[in-house]
Amino acid sequence: VEELKAIIKVLPIWSTGIILATTVSQQQFFIVQAGTMDRMVFGIDIPATNFALFMMLTLTMWVIVYDRILVPILPNQRILTVKLRMGIGLVISCLATLVATLVEKKRRNQAISEGFIDNPKGVVNMSAMWLVPSYCVFGLAQGFTVIGQIEFFYSQFPKTMSTVSVSIFTLSLGVGNLVGSLIIKVVKDGTRRGGRASWLASNINRGHYDYYYGLLFILNLVNLVCFLVWSRAYGSTQDIKDWDEDVDKILTSEKETN
């Protein structure tokens, strides 16, 4: 019963990871954007799919900085708590979608001004490096939220439920991908009514990927507000630690008695 109560208690905060997973799963649109931009960097033509490497590099660098620098100087995580880290990650995810919106708006305006409105394969005079800040900010958002969530689940479940911690986290990733697919379908069907071009039209210059990123920004902003409310309602994160200590004392006492 206590284990079930622990799972139910974390579900509201757990659900806030779904929107982040949904947003990150939309990176295929960045690839479409990169395909219409100048990808020459230092004389090398970088494939559109390879720009996702910047997100992974940022995530890896943050993990190293956190593990090797911040953890040693922040004993017991009294300052950078798990809930604070998750909150920072959600704030950064809002910033990431906002940056993506502005970059796509600039790219689309550039494509139209250069006469590529009906030529989605035309390469605009705009470097694909404009996409790098979005990738990096998304990577940083994952670094804060993902690590924070995993540590949160581990700290809020008793020792006997350690495997559940990873399972419930990966479940949010799977649900996020499903929600992402649903949002894409709804946006495509809803925005092409009346003979208009869909926001996510195959012709990226006719579509409005910037509007779609704006929608993701709104969803992330609402998600952040929900997290703040649920985090405040959750209260102390010390309860499970006390519970584990009590269980250990009981088991020790039983062993001594036997």
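In this report, we go over the structure that sits alongside the text.

Calculation criteria
Residues numbered from 1 in each chain as written. Predicted model: local features only at pLDDT ≥ 70, side-chain atom pairs only at ≥ 80, totals over all residues. Heavy atoms only, no water. Phe/Tyr/Trp six-rings, centres within 6.5 Å; stacked < 30°, edge-to-face > 60°. Buried < 20%, exposed > 50% of the residue type's maximum accessible area, 1.4 Å probe, protein only. Core = buried A, V, L, I, M, F, W, Y, C linked by side-chain atoms within 4.5 Å. Helix = DSSP H or I, 4+ residues; strand = E, 2+ residues; numbered from the N terminus. Contact = heavy atoms within 4.5 Å. Salt bridge = Lys/Arg side-chain N within 4 Å of Asp/Glu carboxyl O. Axes fitted to C-alpha atoms, helices over the stretch in contact; angles between N-to-C directions. Parallel < 35°, antiparallel > 145°, perpendicular 65-115°, else oblique. Left-handed = near helix turned anticlockwise from the far one by under 90°. Nonpolar A, V, L, I, M, F, W, Y, C, P; charged D, E, K, R; others polar. 1 Å grid on protein atoms, 1.4 Å probe; cavity = no way out; pocket = protein on both sides within 12 Å on 5 of 7 lines; lining within 4 Å. Points joined across faces, edges and corners; volume = space filled by probe spheres on them.

1. A few points about the packing of aromatic side chains
Each aromatic ring pair is characterised by the separation of its centres together with the angle its planes make.
Phase 1: A full pass over the atoms with the stated rule returns 13 aromatic pairs.
Phase 2: The interplanar angle of 50° and the centroid separation of 6.4 Å between the aromatic rings of tyrosine 212 and tyrosine 213 together place this pair among those described as tilted.
Phase 3: According to the relative accessible area criterion, tyrosine 212 is buried, its value standing at 0%.
Phase 4: Given a relative accessible area of 3%, tyrosine 213 falls into the buried group.
Phase 5: One aromatic cluster is present, built from ring pairs that chain together Phe29, Phe30, Tyr135, Phe138, Tyr209, Tyr212 and Tyr213.

2. Let's talk about the nonpolar core
Buried together is how nonpolar side chains tend to be arranged in soluble globular proteins.
Phase 1: Counting residues in hydrophobic clusters, the biggest one holds 42 residues, and the most contacted among them are Phe29, Phe51, Leu200, Tyr212 and Tyr213.
Phase 2: Ranked by residue count, the leading element in this core is helix H5 (residues 132-156), at seven residues.
Phase 3: Sequence-distant contacts of tyrosine 213, defined by excluding residues within four places in its chain, comprise Phe29, Phe30, Gln33, Thr97, Ala100, Thr101 and Glu104.
Phase 4: In this structure, Ala6, Cys94, Phe157 and Leu224 belong to the second largest nonpolar core, which totals 18 residues.

3. Some details on the pattern of salt bridges
Phase 1: Enumeration over the complete set of coordinates arrives at seven salt bridges.
Phase 2: Between glutamate 151 and arginine 85 there is a salt bridge, with the nearest N and O atoms lying 3.1 Å from each other. On the criterion of sequence distance, the pair formed by glutamate 151 in helix H5 and arginine 85 in helix H4 (residues 82-113) is long-range, its members being 66 residues apart.
Phase 3: Among the residues examined, glutamate 151 registers a relative accessible area of 28% and is labelled partly exposed.
Phase 4: In this structure arginine 85 comes out as buried when scored by relative accessible area, which is 1%.
Phase 5: Note that arginine 206 and aspartate 118 form a salt bridge whose closest N and O atoms lie 2.8 Å from each other.

4. Things to note about unusual backbone geometry
Among all residues save glycine, negative phi is the norm, and among peptide bonds the norm is trans.
Phase 1: A positive phi angle, near 55°, is found at phenylalanine 42, a position not held by glycine.
Phase 2: Within the secondary structure layout, phenylalanine 42 lies in the loop between strand E1 (40-41) and strand E2 (44-45).

5. As for the packing of H4 against helix H7 (residues 209-234)
Phase 1: H7 packs onto H4 with a crossing angle of 165° between their chain directions and a minimal axis gap of 8 Å. Here H7 runs roughly antiparallel to H4, going by the angle between their axes. Crossing angle aside, the handedness with which H4 passes H7 is left-handed.
Phase 2: Across the contact of H4 with H7, the residue classes break down as 13 nonpolar, eight polar and five charged.

6. Let's talk about the environment of serine 236
Phase 1: Position of serine 236 among the secondary structure elements: in the loop between H7 and helix H8 (239-257).
Phase 2: Separated by 80 residues in sequence, serine 236 and glutamine 156 place their C-alpha atoms 10.0 Å apart.
Phase 3: Apart from the residues within four sequence positions on either side, serine 236 is in contact with Lys9 and Gln156.

7. With respect to the layout of surface pockets
Phase 1: Space inside the second largest pocket adds up to approximately 180 Å³.
Phase 2: Lining the second largest pocket are 13 residues, and of these Ala21, Val24, Gln142, Val146 and Leu173 sit closest to its centre.
Phase 3: Elements represented by at least two residues in the lining of the second largest pocket include exactly helix H1 (2-24), H5 and helix H6 (162-191).
Phase 4: The residue makeup of the lining of the second largest pocket, split by class, is six nonpolar, seven polar and no charged.

8. Here we look at the packing of H4 against H5
Phase 1: Running from amino to carboxyl end, H4 crosses H5 at an angle of 160°, the nearest separation of the two axes being 8 Å. In terms of orientation, H4 and H5 fall into the roughly antiparallel class. The interaxial crossing formed by H4 with H5 has left-handed handedness.
Phase 2: Of the residues contributing to the contact of H4 with H5, the split by class is 17 nonpolar, seven polar and three charged.

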